[in-house]
Amino acid sequence: MNTLLEIESALILSRLPGVGAATFKELLQKHVTPSVALQHFIEHKTNKKTPLNIQSAISFLDANSEVKMFWPFHKSYPKSLSDITEPPPVLFIKGQEKILKSKKLKVAIVGARKASPAGLAYTKEIVKRYCQEGAVIVSGLAEGIDTCAHQVALETGSETIAVMATGIDVCF
């Protein structure tokens, strides 16, 4: 059920002041769909004058049909994320959705943006070892250690997932 109403509602709800990951998950557990959860939140919890800036995300989704958006309890949201206490309120997916759902070991590699040569060398060594074992490399796509991890995964023919905390429509 990835209708435009549900996508817009999930975006609005995820960007409202006072709605973090835990509140987002709680609202969806109680109200099932983002649109019903948003309606409840607006009726009971918000200052009706709260500005809701979701247009950049909607425009991005409209212009990039290969990008999908999921939220906790959506059928395509990864169960491993749903099970954590504060799962990300929304996920933008571009690429192979099956990688998120695979049972393969996923290893997060994060580090300094201004990495030292030694840090980069160590990252390359660690990532190559995990890739040889069939792991999926997960990182933030920032310059430095994150970029190094993704590059090594791609060079070895391994799968990689980039996690962008700001959302796919926001450059960081």
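Structure first, text after, so check above.
Remember, predicted model here, so these are calculated numbers, not experimental data.

Cut-offs and rules
- Residues numbered from 1 in each chain as written.
- Predicted model: local features only at pLDDT ≥ 70, side-chain atom pairs only at ≥ 80, totals over all residues.
- Heavy atoms only, no water.
- Helix = DSSP H or I, 4+ residues; strand = E, 2+ residues; numbered from the N terminus.
- Buried < 20%, exposed > 50% of the residue type's maximum accessible area, 1.4 Å probe, protein only.
- Polar contact = N/O pair within 3.5 Å; in protein donor to acceptor, adjacent residues only side chain to side chain.
- Contact = heavy atoms within 4.5 Å.
- Axes fitted to C-alpha atoms, helices over the stretch in contact; angles between N-to-C directions.
- Parallel < 35°, antiparallel > 145°, perpendicular 65-115°, else oblique.
- Left-handed = near helix turned anticlockwise from the far one by under 90°.
- Nonpolar A, V, L, I, M, F, W, Y, C, P; charged D, E, K, R; others polar.

**Student:** Describe the environment of His74, naming the residues involved and giving the relevant values.
**Tutor:** Mapping His74 onto the fold places it in the loop between β1 (67-70) and α5 (79-82). Since its relative accessible area comes to 9%, His74 is described here as buried. Between the C-alpha atoms of His74 and Thr33, which are 41 residues apart in sequence, the distance is 8.5 Å. A polar atom in the side chain of His74 sits 3.0 Å from the backbone nitrogen of Ser76.

**Student:** Can you tell me about the side chain of Ser35, naming the residues and giving the values?
**Tutor:** In this fold, Ser35 is placed in helix α3 (residues 34-44). Apart from the residues within four sequence positions on either side, Ser35 is in contact with Leu5, Glu6 and Ser9.

**Student:** Now, about the packing of helix α1 (residues 4-15) against α3: what can you tell me, with residues and values included?
**Tutor:** Closest axis-to-axis distance for the α1/α3 pair is 8 Å, and the angle between their directions is 45°. Classified by the interaxial angle, the pair formed by α1 and α3 is oblique. Pair α1 / α3 crosses with left-handed handedness. In this structure, α1 contributes Leu5, Glu6, Ser9, Ala10, Ile12 and Leu13 to the contact, and α3 contributes Pro34, Ser35, Ala37, Leu38 and Phe41. Across the contact of α1 with α3, the residue classes tally to eight nonpolar, two polar and one charged.

Read these as geometric descriptors, not functional statements.
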